[in-house]
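Summary of the model geometry
The primary structure of each chain is shown beneath.
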Amino acid sequence: MRFSGYIPILVVTAALAVVPLVFSSNSLFNFMVMSLIITLAAQGWNILGGVAGQTSFGHALFFGVGCYTAAMLQFHFGVNAWLAFLLAVAAGAAAGFILGFLSFRAGLRGSYFALITLAFAELMRILANASDWTGGAAGLLLKLNPGFSNMQFESRASFLWLALAFVFIGLVISRAIAGSRFGAQLVAVRENEDAARALGVDVLSVKLKAISLSGAITAAAGVLYVQNFLYIDANIGFGVWISIEALLAPLVGGRGLVLGPLIGTFTLHGLGELTKSFAGRIPGIDLMVFAVVLIGVVAFASGGVLGLLRRFAPRLARRIAV
Amino acid sequence: MYSPTILIEAMINGLLTGAIYALIALGLTLVYGVLHIINFAHGAILASAMFAVWGLNVLAGVDPYLAILLLAPVFFCLGYGVQRLVIGPAAKGDDGNILLITLGLSIFIENALLAGFGSDTRSISSDFSFAVVEAGPFLISSPRLVGFAGSLIVTAILWFIMSRTDAGKAIRAVAREKLGASLMGIDVGHVYAVTFGLGCAALAVAAGLLMPTFYVNPRVGGAFVNIAFTIVVLGGMGSIPGAMIGGLLIGLVESLSGLLLGESLGQIGIFIIFILVLLLKPTGLFGAKA
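In this text, all values refer to a predicted model and were calculated from it rather than measured experimentally. (Residues numbered from 1 in each chain as written. Chains lettered and ligands numbered in written order. Predicted model: local features only at pLDDT ≥ 70, side-chain atom pairs only at ≥ 80, totals over all residues.)

Here we look at the overall build of chain B
Counting its regular elements, chain B contains eleven helices and four strands. For a compact globule of 290 residues, the expected C-alpha radius of gyration is about 19 Å, and chain B comes in at 19 Å, within 12% of that figure. Projected onto the principal axes, the alpha-carbon positions of chain B cover approximately 60 × 45 × 35 Å. Classification of the 290 residues of chain B by burial places 53% in the buried group. Residue pairs at least 24 apart in sequence account for 77% of intrachain contacts in chain B once pairs closer than 6 positions are excluded. (Helix = DSSP H or I, 4+ residues; strand = E, 2+ residues; numbered from the N terminus. Rg over C-alpha atoms; globule rule 2.2 N^0.38 Å. Buried ≥ 20, exposed ≤ 12 C-beta atoms within 10 Å, placed from the backbone. Contact = placed C-beta atoms within 7 Å.)

So, the overall build of chain A
Broken down by element type, chain A carries 16 helices and two strands. For 322 residues, the compact-globule formula gives about 20 Å, and the C-alpha radius of gyration of chain A, at 19 Å, lands near that figure. With the C-alpha coordinates of chain A rotated into their principal frame, the extents come out at 55 × 45 × 40 Å. Counting all 322 residues of chain A, 51% fall into the buried class.

Side note on unusual backbone geometry
Residues and elements named next belong to chain A. Positive phi values are uncommon outside glycine, yet methionine 151 reaches one of about 60°. With respect to the helices, strands and loops of the structure, methionine 151 is situated in the loop between strand S1 (140–141) and helix H7 (156–178). The exposure class assigned to methionine 151 is buried, which follows from the 21 C-beta atoms found within 10 Å. We note that leucine 230 has phi near 55°; this positive angle belongs to a residue other than glycine. Along the chain, leucine 230 falls in the loop between helix H10 (203–229) and strand S2 (231–232).

Digging into the pairing of strand S2 (residues 132–135) of chain B
Strand direction decides the pairing type here: S2(B) and strand S3 (residues 138–141) of chain B, joined by four bridges, are antiparallel. Each residue of the ladder has a partner; that of Val133(B), found in S3(B), is Ile140(B). (Pairing = 2+ DSSP bridges.)

Details of the UniProt feature "transmembrane region" (unreviewed entry) in chain A
Residue and element names in this part refer to chain A. According to UniProt, the "transmembrane region" (unreviewed entry) feature falls on residues 6–23, 28–45, 57–75, 82–104, 159–178, 210–232, 244–267 and 287–309. Regarding residues 6–23, the helix share stands at 83% and the strand share at 0%, and the terminal C-alpha atoms are separated by 27 Å. In this annotation, residues 82–104 is assigned 100% helix and 0% strand; the end-to-end C-alpha distance for the span is 32 Å. (UniProt positions renumbered as here; feature names shortened; annotations may be inferred.)

Here's the deal with the interface of chain B and chain A
With 30 residues of chain B at the contact, the number on the chain A side is 34 residues. The leading source of residues in the side of chain B that touches chain A is helix H4 (residues 95–117) of chain B, at 13 residues. Taken together, the residues that form the side of chain B that touches chain A break down as 19 nonpolar, ten polar and one charged. (Nonpolar A, V, L, I, M, F, W, Y, C, P; charged D, E, K, R; others polar.)

Observations concerning helix H14 (residues 285–300) of chain A
Helix length check: H14(A) (16 residues) gives 22 Å between terminal C-alpha atoms against 22 Å at 1.5 Å per residue, within 8%. On its buried side, H14(A) packs onto helix H12 (240–253), helix H13 (260–279) and helix H15 (304–312) of chain A together with helix H3 (64–91) and H4 of chain B. (Expected span 1.5 Å × (residues − 1).)

Some thoughts on the packing of helix H4 (residues 60–77) of chain A against helix H6 (residues 110–130) of chain A
Residue and element names in this part refer to chain A. Axis separation between H4 and H6 bottoms out at 8 Å; the angle between their running directions is 30°. Taken together, the axes of H4 and H6 lie roughly parallel to each other. Here H4 contributes Ala60, Leu61, Gly64 and Tyr68 to the contact with H6, which in turn contributes Thr117, Phe120, Ala121, Met124 and Ala128. The residue makeup of the contact of H4 with H6, split by class, is seven nonpolar, two polar and no charged. (Axes fitted to C-alpha atoms, helices over the stretch in contact; angles between N-to-C directions. Parallel < 35°, antiparallel > 145°, perpendicular 65-115°, else oblique.)

Re helix H5 (residues 81–105) of chain A
Here H5(A) is 25 residues long and its end C-alpha atoms lie 35 Å apart, about the 36 Å a rise of 1.5 Å per residue gives. Positive backbone phi, approximately 80°, marks Gly107(A), located one or two places after H5(A).

Considering the UniProt feature "transmembrane region" (unreviewed entry) in chain B
Residues and elements named next belong to chain B. Here the UniProt feature "transmembrane region" (unreviewed entry) sits at residues 12–33, 40–59, 65–86, 98–118, 138–162, 191–215, 227–252 and 259–280. Span residues 12–33 is 100% helix and 0% strand, its end C-alpha atoms 30 Å apart. Helix makes up 100% of residues 65–86 and strand 0%, whereas the separation of the span's terminal C-alpha atoms amounts to 30 Å.

A short note on the packing of helix H3 (residues 26–51) of chain A against H7(A)
The relative placement of two packed helices is expressed as an angle between their axes plus a distance between the axes. Residue and element names in this part refer to chain A. Between H3 and H7, the shortest axis-to-axis distance is 9 Å and the interhelical angle comes to 20°. Classified by the angle between their axes, H3 and H7 sit roughly parallel to one another. Note on packing geometry: the crossing formed by H3 with H7 is left-handed. Considering only residue class, the contact of H3 with H7 consists of 16 nonpolar, seven polar and one charged. (Left-handed = near helix turned anticlockwise from the far one by under 90°.)

What to know about the confidence of the model for chain A
Per-residue confidence for chain A gives a mean pLDDT of 92, with 98% of residues at or over 70. Here helix H16 (residues 314–320) of chain A stands out as the least confident element of chain A, with mean pLDDT 77; H10(A) is the most confident, with 97. (pLDDT = per-residue confidence, 0-100.)

Quick word on the environment of Ala119(A)
Assignment of secondary structure puts Ala119(A) in helix H6. Under the C-beta neighbour-count criterion, Ala119(A) is labelled buried, with 26 such atoms within 10 Å. Along the primary structure Ala119(A) and Gly256(A) are separated by 137 residues, whereas in three dimensions their C-alpha atoms are 24 Å apart. Not counting residues within four places of it along the chain, the set of residues in contact with Ala119(A) comprises Phe271(B), Phe274(B) and Ile275(B).

Let's talk about the nonpolar core
Core analysis: the biggest nonpolar cluster contains 206 residues, and Leu294(A), Ala49(B), Met50(B), Leu203(B), Ala204(B), Ala206(B) and Ala228(B) have the highest contact counts within it. For Leu294(A), the residues in contact, after removing those within four places along its chain, are Leu248(A), Leu251(A), Val252(A), Leu100(B) and Gly104(B). (Core = buried A, V, L, I, M, F, W, Y, C linked by C-beta atoms within 7 Å.)

Some points on the confidence of the model for chain B
Residues and elements named next belong to chain B. Within chain B, residue pLDDT values average 87, and 98% of them lie at 70 or more. Predicted confidence in chain B is weakest over S2, with a mean pLDDT of 80, and strongest over helix H2 (residues 42–60), with 94. The complex prediction reports pTM at 0.90, with the ipTM value standing at 0.86.

Regarding the environment of Val65(A)
All names here are of chain A. Here valine 65 shows up in helix H4. With 29 C-beta atoms packed within 10 Å, valine 65 lands in the buried category. Valine 65 sits 26 residues away from alanine 91 along the chain, and the two C-alpha atoms are 6.8 Å apart.

With respect to the environment of Val205(B)
Residue and element names in this part refer to chain B. Examined against the element boundaries, valine 205 turns out to sit in helix H8 (residues 188–210). Overall, valine 205 belongs to the buried group, with 28 C-beta atoms counted inside 10 Å. In this structure, the C-alpha to C-alpha distance between valine 205 and valine 191, residues 14 residues apart in sequence, is 21 Å.

Below you can see the structure in the form of structure tokens.
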């Protein structure tokens, strides 16, 4: 792997990292933290849905598993936050493996796969909403106790850097996959599963690896959410909203591309904030914009923002769009 | 243990509700059978139909059942237009695209309703909402009985259109062999739009039948659409009798699991059926092919 492929990642991360040094607006920091958490969730989606072409409508499953594993370990057993984080990521990978094992072995593809991911997420939402262990409908509230060892930070800037560090790791993983044999196998599965099998790709095993990795990354985003808000309930953790956010961002940014989720999230949420500042606080107005952007991207720009860049600024695009 | 009276009453109620679920699923399965797409906007379109029924009642005092006569043709035209002007051209024939476009439509419609009406829950209450029919030891809600009858009538009408009219013949031809149908001079784009319109008209009828006993808010479609997906998968994607039987079955399951497990866990039975059918027999009970 040549180092030059990582330069765009370093540049983008560095640019985001200096924001807290230049500006000092807490609302800007909150906007960025939330966008980074969604970016991380979307990076998980992108490995399975973008690179491997298995469209999931239920990534809330992994996000929620991450949220609840981290929250419950800390709440019920007083487990250290960082250890809880590692266990939550492992739980996300396990959830991915189980979902993949069940659905890929049953041969579910396309719409059927989208439906079953949705069904599992909804199933977990109902369970989490009803069980005492998860705090039921009232949710779980973690104790405020700032400090690095608790993964809680008093300054918004510190949390922003933490979230950014995770997104950076996500970018590096995505970039490493893009240049690897595993990545080539995923693309082969996406383009034509039967042809990939004929070429000797172990399709089931490749898909299982992709969904486990995808689940782990999206679960990490769930942990960040919990550590940031110190609160979780079923409609947040397993809610449809995060499934949609995780899917929209890569599509808008550039499906299957390393920087796709990051660019997509910031484009969408930037547009959302802009709309709100023009139209006022009408509920749902930002999501209406998201929906129009989604339909527009599917209809006119299937490569998303990076695809447009490729069309209109091919030299710049060749540098960054991998 | 529950007394037999309560159990039987729950089963009757389940079947009555199930018929309306079946009506909702009917539109979904029709669209799937012909266009081979899963319409994620189905629930949002239902929600907008329910708001239309509610609006007509509150603003103009139109009876919900009367509103059906007005809204069914309106929603047919809306569905025709959406398929012709948005879904068809934007999808460019790719199934994955259609999935995403209908998802986009559902997000748009849901949030447009939210922006327009707020997140409050609204309902229509009249004396008829609480009217009951006594049948021996059982009390049966009259509006649900009307809903049951209405669903059966619409299913019969749809079945008649599909099997006895030229339009139905054209729809079935396109469903079976798109290219062959177009070579015989059938306008495939028109047939797609008519099918989508029929699905939306079925939703308008369902909305009118539901409103006397249900409530509406912008997110109400999600609850129904999950049930409708389950019914369609259970009955076999594209099968009209499958949707009817699947609907009645799911109504029963929901009512009984609600009684035995309580309100919040009640829906779990539906999702477990959904997942099991998808994993074990994705063609459903009446599905022709995978």
